Amino acid sequence: MRKRNESVTVEHERAAAAAAAAAAAAAAAVPGPLDKGCSLRHSLRLPAAAAEGMKRPLSRRYGLWFRLRKLIIWLLGMYIAIPFLVKLCPAIQAKLVFLNFVRVPYFIDLKRPQDQGLNHTCNYYLQPEEDVTIGVWHTVPAALWKNARGKDQLWFEEALGSSHPVILYLHGNAGTRGGDHRVELYKVLSSLGYHVVTFDYRGWGDSIGSPSERGMTYDALHVFDWIKARSGDNPVYIWGHSLGTGVATNLVRRLCERETPPDALILESPFTNIREEARSHPFSIYRYFPGFDWFFLDPITTSGIKFANDENVKYISCSLLILHAEDDPVVPFHLGKKLYNIAATSRSFRDYKVQFVPFHTDLGYRHKYIYRSPELPRILR
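As a convention, each chain's residues are numbered from 1 in the sequence order in which they are written. pLDDT decides what is reported in this predicted model: residues at 70 or higher carry local features, side-chain atom pairs at 80 or more are listed and counted, and totals for whole chains, interfaces and linings draw on all residues regardless. Values reported for side chains reflect all heavy atoms of the structure, with hydrogen atoms and water molecules removed beforehand.

- In the annotation of an unreviewed UniProt entry, the entry for the protein chain reads Lysophosphatidylserine lipase ABHD12, and the organism field reads Tachuris rubrigastra.
- UniProt positions are given in the numbering used here, feature names are shortened, and annotations may be inferred rather than shown by experiment. A UniProt comment under Sequence similarities (unreviewed entry) is attached to the protein chain, and it reads "Belongs to the serine esterase family."
- In the Catalytic activity (unreviewed entry) part of its UniProt record, the protein chain is described as follows: "Hydrolyzes glycerol monoesters of long-chain fatty acids."

Written out as structure tokens, the structure reads:
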């Protein structure tokens, strides 16, 4: 009897243990108890590897956006700060007008024009003022090429007196007298029978001095007088390109006022004045900036830079030829046309020929490739 009771007790204990295990399993399968707010506290968790995989793309996206936002804020800050910096330091704007610190092509020896294919060219150094020295290239007409071999500076100077016209070429901003498109123009003009004399203004190339509009004009006047002292009665023409057109009209106006005008003035890709050129320049990202004139144009004037072609042509009395490509991306075509209209109606040109020659967009001459035109020899004649 005692054994039977013990077996019944054991069976009850086993049943109770099984029931407890079943209850525990059911409790594990059911979500956690309701909290006071009658919401379930979920105890489900993702595997650690899966959670880490989700964090990585999120952190990468956040890091990329953070860096991009910092860059945008920095660029915006610089965009806003630059106008104030230019206003406070007008010399910055002057450097941007001249770009004389840009020496392209690099690593050429300006003392050796023959390295640029100019085997009939001599390098000089002239001194317009004390502490100012300018480097000059003189290319003789192609007909004198053989005679020019191995000759010294004295021979080249005396050659200016030969029966060939002379062109004084005034280049634009940036680069040197050895710029690629400039060298190609010298070759074209030489093949047409011209002496070509060109130079780097003070502060450009290997010329010594600080750039300024007054200094550039005085350098050009010095070289012109140097040419006239050696060329006799041979015609002397002045050719200005881009910023060099401002130097050219300054020079010719002064020559006309002293009654020694050149035989003709050629302006390639000219503008009306430096303020209108800066305002119309396609590369100017501040044209629509509030106060553009006050921030950017007034500092140019404060630095003594005007290059007022539109005013100068009213005092010039010699033949004028203007060349301009319609697809010029640097000096807009309409500025060259506007300058022609001013000159054509000026009383100072009433006894002289004023001509405007446009070059169609399809030709692709842009700002500095008019020398490629097969019509150039006819135009110059």
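### A closer look at the sheet that holds strand β2 (residues 132–139)
Strand pairing in a sheet takes place through backbone hydrogen bonds and is either antiparallel or parallel in direction.
Thought 1: Strand pairing is assigned whenever DSSP detects at least two bridges linking the two strands. Strands are runs of DSSP state E lasting at least 2 residues, helices are runs of H or I lasting at least 4, and numbering of each runs from the N terminus. One open sheet accounts for 8 strands, arranged β1-β2-β4-β3-β5-β6-β7-β8; its pairing is mixed. For this open sheet the edge positions go to β1 (121–129) and β8 (354–359), each flanked by a neighbour on one side alone. The average undirected angle you get between the axes of adjacent strands in this sheet is 20°.
Thought 2: Judged from the 6 bridges that link them, strand β7 (residues 319–325) and β8 form a sheet pairing that is parallel. The residue bridging Ile322 from the neighbouring strand is Phe356, located in β8.
Thought 3: We call two residues in contact whenever any of their non-hydrogen atoms come within 4.5 Å of each other. Helix axes are fitted to C-alpha atoms over the stretch in contact, other axes to C-alpha atoms as well, and angles between N-to-C directions run from 0 to 180 degrees. Of the strands in this sheet, β6 (264–268), β7 and β8 touch helix α12 (residues 333–344), which is tilted by about 165° from β8.

### Description of the nonpolar core
Thought 1: By convention a nonpolar core is built from buried Ala, Val, Leu, Ile, Met, Phe, Trp, Tyr and Cys residues, the set being connected through side-chain atoms within 4.5 Å. Three labels apply to residues, based on accessible area from a 1.4 Å probe with only protein chains included: buried if under 20% of the type maximum, exposed if over 50%, partly exposed otherwise in between. Ranked by internal contacts, the top residues of the largest apolar core, which has 65 residues, are Phe98, Leu168, Leu170, Phe199, Ile238, Leu265 and Phe307.
Thought 2: When sequence neighbours within four positions are dropped, the list of residues in contact with Leu170 reads Phe199, Tyr201, Ala220, Ile238, Trp239, Gly240, His241, Gly244, Val247, Ala248 and Leu251.
Thought 3: Of all hydrophobic cores here, the second largest spans 25 residues; its members include Ala325, Val357, Tyr371 and Leu380.

### Overview of the packing of aromatic side chains
Thought 1: For Phe, Tyr and Trp, where Trp contributes only its six-membered ring, two rings pair if their centres lie within 6.5 Å, and the inter-plane angle classes them as stacked under 30 degrees, edge-to-face over 60, or tilted in between. One pass over the full model with this rule turns up 12 aromatic pairs.
Thought 2: A ring pair is formed by Tyr169 and Tyr186, whose centres lie 5.8 Å apart and whose planes are at 75°; its orientation type is edge-to-face. On the criterion of sequence distance, the pair formed by Tyr169 in strand β3 (residues 166–170) and Tyr186 in helix α6 (residues 180–191) is long-range, its members being 17 residues apart.
Thought 3: You can call Tyr186 buried: its relative accessible area is 1%.
Thought 4: With a centroid separation of 5.3 Å and an interplanar angle of 80°, the aromatic rings of Phe199 and Tyr201 are classed as edge-to-face.
Thought 5: On the accessibility criterion, Phe199 (1% relative accessible area) is buried.

### Re the packing of helix α7 (residues 213–231) against helix α8 (residues 243–257)
Thought 1: The geometry of α7 relative to α8 is characterised by a closest axis approach of 9 Å and an angle of 60° between their N-to-C directions. Comparing the axis directions of α7 and α8 gives the class oblique. Crossing geometry of α7 relative to α8 is assigned as right-handed. Where α7 approaches α8, its residues Glu213, Met216, Thr217, Tyr218, Ala220, Leu221 and Phe224 are matched on the opposing element by Leu243, Val247, Asn250, Leu251, Arg254 and Leu255.
Thought 2: When residues are grouped by polarity, Ala, Val, Leu, Ile, Met, Phe, Trp, Tyr, Cys and Pro land in nonpolar, Asp, Glu, Lys and Arg in charged, and all others, Gly among them, in polar. Residue composition of the contact of α7 with α8, by class: 9 nonpolar, 2 polar and 2 charged. Note on terminology: angles under 35 degrees are roughly parallel, angles over 145 are roughly antiparallel, angles of 65 to 115 are roughly perpendicular, and the others are oblique. In this scheme, a crossing is called left-handed if the near helix is turned counterclockwise away from the far one by less than a right angle; it is called right-handed if the turn is clockwise.

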